[in-house]
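This is what each chain is made of:
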Amino acid sequence: MKYTRIGIIGGGLMGREIASAFARWCALTDISVTPVLTAVADLNPQALEWFEKIPSCHLRTTDYHTLLASPEVDVVYVAVPHDQHEKIYTDVLSAGKDLLAEKPFGIDLASAKRILKAVHESGRFVRCSSEMPFFPGALRAFEYAKSGALGRILEVVSGFHHSSDLDPTKPANWKRLSAKCGEGGALNDLGMHACHVPLRLGWTPQRLFAQLQKGYAQRPDGKGGSASCDTWDNALIHAWTNIAGHEVPLRLEMKRLAPGATNTWFLEMLGTDGGIRFSTAEPKTLWVFERAKEQWWKRTELGFGTQFKTVTGGIFEPGFADVIQQMWAAYLAERDGQLDGRFGCATPEEAVASHKIFAAALKSQRESAVTTVEP
Ligand SMILES: NC(=O)c1ccc[n+]([C@@H]2O[C@H](COP(=O)([O-])OP(=O)(O)OC[C@H]3O[C@@H](n4cnc5c(N)ncnc54)[C@H](O)[C@@H]3O)[C@@H](O)[C@H]2O)c1
């Protein structure tokens, strides 16, 4: 077994999630590399306290430069607000470490392009976090689309919905402020999740029309006052892509105001010969369309068919924590040359391509017009 030493910069929501995925790495049965969390950096000393429960995490610091100087760190995972992505990602690369970056990979398109340039110049192994395609149902949908079973593709819908912004009493955080989250708002927050599979299939939008909506302009600031919130909360992108010589409608949906949805990622692809649907609202269920004399939507209970095998029984259902672990398995296996044809993490190029879609969506909203996506 090979051990890879990981440092986390940003020990908030996602930093803790990743640390917990490493802590139960024993669940995986067919991977020859094990991550060991050796260091964490967070500006907030209280955030660091949680990491005291990870025995291997000896270095806990409020200065991420100390983490980057440590010879005990091979790979850095960075989960900080978007306004800090570029500075910290490029510092990680300058320190000679490999990187699993968080989406959206820079606060805007210009920033993402500068990060990509630094990635190429550094020669380091870099991927961008996007875990939802690692659900077994999502992977089956991806393979089905690649197989040609859809026939001529008629329509694709890919989206991510949640509803946490419906509650006006929820305190504002940095994700509701353009200065920290980026002008894209929900595009930056949820967009990579919706774009990842279509981009991996080569279905790059060429032009689009976007409808963006804002949420509550004021929220409690959590300190007894109120804070102004200026980000887009919902985004509907109606795009055209070219698949096998046909223009195909591709709809990308990102919503923080979707009544009833918690963390619902979904994908639907329809063609003349077949169709497939998967949603994390039904995490082990796959719907496949068949056209014969009669037409059928067949429902299959997939169970725990993850691409990296685990001790978990095949009849059980996968969840968010499982696909985070699967994504890390893919990152570490690919870094070691052991991916062996399995689905890999989002690439820096795919992250930049997603930002091109967000930039076109913002322009479309401003001009209320169909906009060309930068090739
Ligand atoms: N892949 C996913 O499903 C997913 C889900 C949520 C968030 N994210 C992404 O993860 C990133 C972080 O989001 P989050 O929800 O964990 O945010 P968060 O606010 O919960 O945590 C961010 C942490 O970063 C720390 N921080 C800020 N600046 C820092 C600095 N200079 N040095 C060290 N620490 C610093 C903060 O103190 C905080 O603890 C964002 O890019 C976000 O888009 C991804």
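Residues numbered from 1 in each chain as written. Predicted model: local features only at pLDDT ≥ 70, side-chain atom pairs only at ≥ 80, totals over all residues.

### A word on the overall build of the protein
For the protein, the helix and strand inventory stands at ten helices and 17 strands. Compactness check: the protein gives a C-alpha radius of gyration of 21 Å against a globular reference of 21 Å for 375 residues, within 12% of the reference. Counting only C-alpha atoms and orienting by the principal axes, one finds that the protein spans roughly 65 × 50 × 40 Å. Expressed as a percentage of its 375 residues, the buried residues of the protein come to 47%. (Helix = DSSP H or I, 4+ residues; strand = E, 2+ residues; numbered from the N terminus. Rg over C-alpha atoms; globule rule 2.2 N^0.38 Å. Buried ≥ 20, exposed ≤ 12 C-beta atoms within 10 Å, placed from the backbone.)

### What to know about the nonpolar core
Counting residues in each nonpolar core, the largest one holds 101 residues, and the members touching the most others are Ile9, Val78, Leu99, Ala138, Ala235 and Ala361. Summarising the domain contributions, this core has at least three residues from each of domain 1 (2-128) and domain 2 (133-314 + 347-372). (Core = buried A, V, L, I, M, F, W, Y, C linked by C-beta atoms within 7 Å. Domains from an automatic or database assignment.)

### Focus on the environment of Gly222
Relative to the elements of secondary structure, Gly222 occurs in the loop between strand E9 (218-220) and strand E10 (226-228). Taking the C-alpha atoms as reference points, Gly222 and Arg60, separated by 162 residues in sequence, lie 27 Å from one another.

### Concerning the site of the ligand
Near the ligand lie 22 residues; those nearest to it are Gly10, Gly12, Leu13, Met14 and Glu102. Residue composition of the shell around the ligand, grouped by class: ten nonpolar, seven polar and five charged. (Near = placed C-beta within 6 Å. Nonpolar A, V, L, I, M, F, W, Y, C, P; charged D, E, K, R; others polar.)

### Some words on the pairing of strand E8 (residues 205-214)
Relative to strand E11 (residues 232-243), E8 is paired through nine bridges, and the arrangement is antiparallel. When the sheet's bridge partners are listed, Leu208 is paired in E11 with Ala239. (Pairing = 2+ DSSP bridges.)

### Overview of helix H5 (residues 109-122)
Its 14 residues give H5 an end-to-end C-alpha distance of 20 Å, which sits within 8% of 20 Å, the value for a rise of 1.5 Å per residue. Regarding H5, the residues found buried are Leu109, Ser111, Ala112, Ile115, Ala118 and Val119. A positive backbone phi angle near 70° is found at Gly123, which sits one or two residues after H5. (Expected span 1.5 Å × (residues − 1).)

### Examining unusual backbone geometry
With an omega of 5°, the peptide bond running from Lys103 to Pro104 counts as cis. Phi at Ser368 is positive, roughly 50°, even though this residue is not glycine. Structurally, the position occupied by Ser368 is in the loop between helix H10 (348-367) and strand E17 (371-372). By C-beta crowding, Ser368 is classed as exposed, having 9 other C-beta atoms within 10 Å.

### So, the packing of H5 against H10
At a minimum axis distance of 9 Å, the contact between H5 and H10 shows a crossing angle of 165°. As judged from the angle between their axes, H5 and H10 are roughly antiparallel. Here H5 runs over H10; the crossing is left-handed. Between H5, through Leu109, Ala112, Lys113, Leu116 and Val119, and H10, the contact on the second element is made entirely by Pro348, Glu349, Ala351, Val352, His355, Lys356 and Ala359. Here the contact of H5 with H10 is built from residues that sort into eight nonpolar, one polar and three charged. (Axes fitted to C-alpha atoms, helices over the stretch in contact; angles between N-to-C directions. Parallel < 35°, antiparallel > 145°, perpendicular 65-115°, else oblique. Left-handed = near helix turned anticlockwise from the far one by under 90°. Contact = placed C-beta atoms within 7 Å.)

### A closer look at the pairing of strand E14 (residues 274-279)
Along E14, five of the six residues are buried, which leaves the element largely enclosed by surrounding structure. In the sheet, strand E13 (residues 264-271) pairs with E14 via five bridges, with the strands oriented antiparallel. For Leu270, the partnering residue across the bridge sits in E14 and is Gly275. In this antiparallel pair of consecutive strands, E13 and E14, the connection spans two residues. Relative to strand E15 (residues 285-291), E14 is paired through four bridges, and the arrangement is antiparallel. Residue Arg277 lies in a different strand from E15, and its bridge partner there is Trp287. Between E14 and E15, which follow one another and run antiparallel, lie five residues.

### Considering the sheet that holds strand E12 (residues 246-255)
If you trace the nine strands from one edge of the open sheet to the other, you get E16-E15-E14-E13-E7-E12-E11-E8-E17, paired in mixed fashion. For this open sheet the edge positions go to strand E16 (295-301) and E17, each flanked by a neighbour on one side alone. Where strand E7 (residues 153-161) meets E12, six bridges bridge the pair, whose relative direction is parallel. Bridge pairing links His161 to Lys255 in E12. Against the sheet, helix H6 (residues 136-147) contacts E13, E14 and E15, and its axis sits at roughly 160° relative to E14. Packed on one face of the sheet, helix H8 (residues 186-200) meets E7, E11, E12 and E13 and runs near 145° to E12.

### With respect to the sheet that holds strand E4 (residues 75-78)
Each strand in a sheet pairs with another by means of backbone hydrogen bonds, the pair being arranged parallel or else antiparallel. One open sheet accounts for six strands, arranged E3-E2-E1-E4-E5-E6; its pairing is parallel. Both outer strands of the open sheet, strand E3 (59-61) and strand E6 (126-128), are each paired with one neighbouring strand and no more. Recorded for the sheet is a direction-independent mean angle of 25° between the axes of neighbouring strands. Of the strand pairs in this sheet, strand E5 (residues 98-101) and E6 are connected by three bridges, and their pairing is parallel. The residue of E6 that forms the bridge with Leu99 is Val126.

### Here we look at helix H1 (residues 13-23)
For an α-helix, 3.6 residues make a turn, and residues three or four places apart therefore share a direction. Of the positions making up H1, those classed as buried are Gly15, Ile18, Ala19, Ala21 and Phe22. Summarising the axial view, the buried residues of H1 lie within an arc of 155°, below the 170-degree limit, and thus occupy one face. The inward-facing, buried residues of H1 contact strand E1 (2-9), strand E2 (33-41), E4 and helix H9 (320-335). (Arc of directions from axis to C-beta.)

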